[in-house]
Amino acid sequence: MNDDERAFRHYDEPAHREPAPGPARKLPTPPRTKLSEYVPIRLSTDVMNAIREHAHADGLTVSAWIRQLIQRELDRAEDPAARLSLQAVQVERAVDAILAKLQDAERRIASSGAG
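Residues numbered from 1 in each chain as written. Predicted model: local features only at pLDDT ≥ 70, side-chain atom pairs only at ≥ 80, totals over all residues. Heavy atoms only, no water.

Section: the overall build of the chain
Of the regular secondary structure elements, the chain holds four helices and zero strands. The N-to-C order of helical and strand elements in the chain reads α-α-α-α. In terms of C-alpha radius of gyration, the chain reaches 24 Å, well past the compact-globule figure of 13 Å for 115 residues. Along the three orthogonal principal directions, the C-alpha set of the chain runs to about 75 × 45 × 25 Å. The proportion of buried residues among the 115 residues of the chain is 5%. In the form shown here, the chain has an accessible surface area of approximately 10700 Å², with 58% of it arising from carbon and sulfur atoms. Taken together, the 17 basic and 18 acidic charged side chains of the chain have centroids lying 4 Å from each other. (Helix = DSSP H or I, 4+ residues; strand = E, 2+ residues; numbered from the N terminus. Rg over C-alpha atoms; globule rule 2.2 N^0.38 Å. Buried < 20%, exposed > 50% of the residue type's maximum accessible area, 1.4 Å probe, protein only. Areas by Shrake-Rupley, 256 points an atom, 1.4 Å probe, with all protein chains shown as cover. Lys, Arg positive; Asp, Glu negative; His and termini not counted. Charge placed at Lys NZ, Arg CZ, Asp CG, Glu CD.)

Below is the structure:
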C-alpha cells in the first residue's frame, strides 16, 4: 500500500477528519525572496527519493533543483530548434508504434495462413 492509499484509508474514517486537539497551528510561511508563488505538489516516495539524490549530487536543495529543472524545460520550450527536435522525436515514436502494429498484424496474418 503506498502513502496515498494509506492516507485515503486513514481519512476515509470520519473520526480521523476531526481537528486535532489544542490550538490551531499556522504553517510556516515560505521565505519571500524573489519568488512569488507557492505550488504544493504531491509526488511518490520513489520520485522524491530520486529528486533528493539528484539535488544532493548537484549541491542544491530539492526546491532549487526542481525550479532549475522547470526553468530549463521552459527555456527549451521557447527555443524553436529544441521544440522542433522534440516534435521530431514524438513523430519518430509515433511512426515506430505504427510500424510495430503493422508488423504484428503481418505476423498474425502469416501465422493464420491467410497470407
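Moving on from the coordinates now.
Quick word on the pattern of salt bridges
Inspection of the entire model under this criterion finds three salt bridges. Arg-6 is the salt-bridge partner of Asp-3, the closest N and O atoms lying 2.8 Å from each other. A residue pair is termed a helical-turn pair when its members lie 3 or 4 positions apart in one helix, as Asp-3 and Arg-6 do in helix 1 (residues 3-12) at three residues. On the basis of relative accessibility, which here comes to 40%, the residue Asp-3 falls in the partly exposed class. Residue classification places Arg-6 among the partly exposed residues on the basis of a relative accessible area of 45%. Here Asp-104 ties to Arg-108 by a salt bridge, and the two come within 3.4 Å at their closest N and O atoms. With Asp-104 and Arg-108 both in helix 4 (residues 80-112) and four residues apart, this pair spans about one turn of that helix. Residue class for Asp-104 comes out partly exposed when judged on its relative accessible area of 35%. On the basis of relative accessibility, which here comes to 51%, the residue Arg-108 falls in the exposed class. (Salt bridge = Lys/Arg side-chain N within 4 Å of Asp/Glu carboxyl O.)

Overview of helix 2 (residues 45-57)
Compared with an ideal rise of 1.5 Å per residue, which puts 13 residues at 18 Å, helix 2 spans 18 Å between its outermost C-alpha atoms and is within 8% of the ideal. Turning to helix 2, its buried residues are Met-48, Ile-51 and Ala-55. All buried residues of helix 2 project into a common sector of 60° when viewed along the axis, lining one side. Of the exposed residues in helix 2, those oriented more than 90 degrees away from the buried face are Asp-46, Glu-53, His-56 and Ala-57. Buried residues along helix 2 sit in contact with helix 3 (62-78). Of the residues trailing helix 2, Gly-59 is marked for its positive phi of about 70°. (Expected span 1.5 Å × (residues − 1). Arc of directions from axis to C-beta. Contact = heavy atoms within 4.5 Å.)

So far we have only geometry, and geometry alone does not tell us how the molecule works.
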